[in-house]
Each structure stands twice: as C-alpha cells, then as structure tokens.
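# Residue-level structural notes
Each chain, written out:
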Amino acid sequence: MTPTPIDGAALLDEVEAFHRRFNVFPTEDAYVAVTLWDAHAHLIECFETTPRIAFLSPEPGSGKSRALEIVELLTPRPVSTVSASANALYRLVDSAAGLPTVLFDEVDTIFGPKAGADEALRGFLNAGYRRTTGALRCVGEGSNQNAQIFNSYCAVAMAGLGSLPDTVLTRSVIVRMRKRAPNEKVEPYRQRIHEKQGHVLRDRLAKWADSVREQVTDAWPEMPEGVTDRPADVWEPLLAVADAAGGDWPARARAACLELVNAAHDNDESSLGVRLLTDLRDKVFCGADRVPTAVILEMLLALEDAPWGDVDDKPLNSRMLAKLLGQYVTPNNKPIKPRGIRTPSGFPKGYYADDLTDAWTRYCPPPPGESATSATSATPQISGGESVADTATVIRHTPAETATQPTLAG
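One structure accompanies this document, and this report is about it. Please read all numbers here as calculations on a predicted model, not as lab measurements.

The next point concerns the packing of aromatic side chains. For the structure shown, the criterion picks out six aromatic pairs. With a centroid separation of 5.2 Å and an interplanar angle of 70°, the aromatic rings of F18 and F22 are classed as edge-to-face. On the criterion of helical spacing, the pair formed by F18 and F22 is a turn pair, its members being four residues apart in helix α1 (residues 8-22). F22 shares its class with F18; the two are buried. An angle of 80° between the planes, with centres 5.5 Å apart, marks the rings of F22 and Y189 as edge-to-face. With F22 in helix α1 and Y189 in the loop between β7 (172-176) and α7 (191-217), this pair connects stretches of sequence that are 167 residues apart. Among the residues examined, Y189 registers a relative accessible area of 11% and is labelled buried.

As structure tokens, then:
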C-alpha cells in the first residue's frame, strides 16, 4: 500500500504552532523564518549555504534560551553548548554520525570585547555557512603531523545579548527578542512532557524532507525584488523549503524575507566605516569640495546619536579618522588620505570630496533630499578662535594646483 504523502504546508503549520506555544517572537515574520529554518536543517545537504539564525536581545529574560530549546527539539542531531573550541566543532562536523545542528547559547560571551582568543571559533561560524569551505588543521603528535582539511558546514542557531560580529550577522537570520509584555502569555515548558511532542514533529519533518529532497536540491527559488548578494544566499534555502511545502508558505516566506532583511539593514551598526562615509556626505561636506580635518572632527563630535564621541573608548581623532577612511579608495584606486588644503588663514590637512565620491557611491545609502546646507555655512568655533567658516572656505583647486599639494599620511 502506497503511504499517504505528507502535506508539507500543514506540517509547517504544526511546527509554527508548536513554537507559538512556548515562544513569543517579536513579529509574525519571525515565526515564519524560524519554522523554515527548523525544516531547512533536515535538508542541509541540498543547499550551497546554510543561514545561521540568531536570537538577540538587549536584556536577559527575553526568551532567547527558550527559543533555542524548542529549536533543539525540532532539528536533527542537535548539540547544545555555551562554550566550545573550534577544533572540537570541526571534528564534530567531520564525524561519521552526520551533520549536527549546533546551538550556541550565551554567544555574546564568545564574541564579547574580551574574547580575542575565539577568532578560530568566529572562523568556524563564518566558514561553515558555505558548503565549499573548510579549515586546514595539523593532526598528529610532535613532529609527526599532517595537514588535513576539516569540514565546517552545518546548521547553527545562536542566542545572546547585544549584537554579534558583522561577519556573523550578515550570514544570519536575525530575530530581535523582547521581554514579554503582561498580555503575552506562553505555555510553561516541561521537558519531560514536551520533548516527546517536539520529537514527533522532528521525525515527521525528517520524513517529509526525504520526500522532497530531490525537488529541493534542484530548486532555484525566485527571490523578492531587491534581495541580492549575501541576503539572497541567506534566504535561498528557506525559500526553497517554503516552495516545496506549498500552500501559503511561499508567499509568507517572501514577505518575511523582505521584512527581516529590511529590518536587519535598519538595525545594522556593523560598519563604522559606512556610517562615517555617510555622515561625512550628509552632515559635514553637504556639497563642499574640501573640508579640513579639524572641522570634520568638530562637526562629527557635535552630532547627536552618533558614535564619534566614543570610538574604542575615546573620541574620534585625526589618526582614527585617517585609519577608517584609509580602508576605502579614491576614484583612482588609491587609499583615501588627508591632503593639504589652502585656506585664507593657513594650509591645514583635510579631505577632498573628489577623493570620497567613489566610496560614497559604492557604500552609502541613497542621499537624503537636497535641502542640506554646505559645510561652509556652519560656524562653530575651533581652536584659536578661528571659525569653521574661515577654515572651510570652499576654493576648488585647479588640477595643477592640486598636484602641488603635499599628501599627508596621518
């Protein structure tokens, strides 16, 4: 007798309902994403990439660990940890038992400011996101050692306070958890009772995954408009799962994709360099063609809700400014550096808009409306009683004049 096919959409509905019993996620889209992530872990061999899922919150007691507990019940070969070495994880992934689902709780302690020794673990999380990468390690004892490549590709779920390194965040579906409001109720979780219920769903997910494995392996899901590059890599496996399940899951998945990708951009504090470039364009230069370094620093430090007053525990200075901007290049593919600027009162170092335009175009979000005023109209005082207006007078150099200006590296 031919077994009755498993209704994938109905099964995902049940998985979502199981999460809703114990988890309060911040949005409906988060329930969709987590459900699809659970299912994708059963099909991980079908994909080129596996997105990490990160449950993050600013305060303890926001349900992050409980979210990991429920994910653990629904995913294959789960391994929970709050502390692990990269070498142990490489060996775990490379074992004959099959790919694990690794669940990191308190991941903020791994990537916090005092966790410099965990660069190898960060490398594991980054490399394991894509099937084709691995780690080269020496194995053996003493002088009798051989180089061996260890696989790191596996599903990873994380929970922690605050944020994570940008290299990890960009490979993740981010669920920003919150403390439950008084009117938000969940069912008390009892492992002895609910573990069995979760495992029944897990086993059904595994059977359904076997029935759609070939379909998912050959799938190239259509991405929502505007979702490209790394976000597309993150969401492609989840959309493939949704398409295989059918019902309303393909539409819900794409809506969740757009919402969560946009939310990640809205909350992205990962690149201080991009923030600096954007503030220079929109808050400092504002159409001026050159601005002295002293003026740039004064104007950046005066911005409210900006990070420039506390960069590495001290205010932004000329050396930090040069280091941040030196990561980017001019239209001539040379590192952006301060140059001499001729003003009525001297020859200070500063930066030219022409040197920054390529970086502005490539890295910054679209500029706001054209109502911004030029930096030359601002008049806060700088050292010696000289005004910004005096120092930042806009005088466009001719090419010959520019060529004679000294290039300063610091």
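With that out of the way, let us pick up helix α3 (residues 64-74). Among the residues making up α3, those that are buried are K64, A67, L68, I70, V71, L73 and L74. Elements that come into contact with the buried residues of α3 comprise α1, α2 (28-41), β1 (52-57), β3 (101-104), β6 (155-161) and α7.

Here we come to the pattern of salt bridges. Taken as a whole, this structure holds 16 salt bridges when the rule is applied. When the shortest N-O distance is used, the salt bridge between R130 and D233 registers 3.0 Å. Remark: D233 occurs in helix α8 (residues 229-245) and R130 occurs in the loop between α5 (119-127) and β4 (134-141); sequence separation between them is 103 residues. Here R130 falls in the partly exposed class, since its relative accessible area comes to 27%. One salt bridge connects R290 with D289, and the closest N-O pair in it is separated by 2.8 Å. Of the two residues, R290 and D289, neither departs from the other in class, the shared state being buried. Linked by salt bridges that have partners in common, E16, R20, E28 and R252 make up one network.

What counts and how
- Residues numbered from 1 in each chain as written.
- Predicted model: local features only at pLDDT ≥ 70, side-chain atom pairs only at ≥ 80, totals over all residues.
- Heavy atoms only, no water.
- Phe/Tyr/Trp six-rings, centres within 6.5 Å; stacked < 30°, edge-to-face > 60°.
- Helix = DSSP H or I, 4+ residues; strand = E, 2+ residues; numbered from the N terminus.
- Buried < 20%, exposed > 50% of the residue type's maximum accessible area, 1.4 Å probe, protein only.
- Contact = heavy atoms within 4.5 Å.
- Salt bridge = Lys/Arg side-chain N within 4 Å of Asp/Glu carboxyl O.

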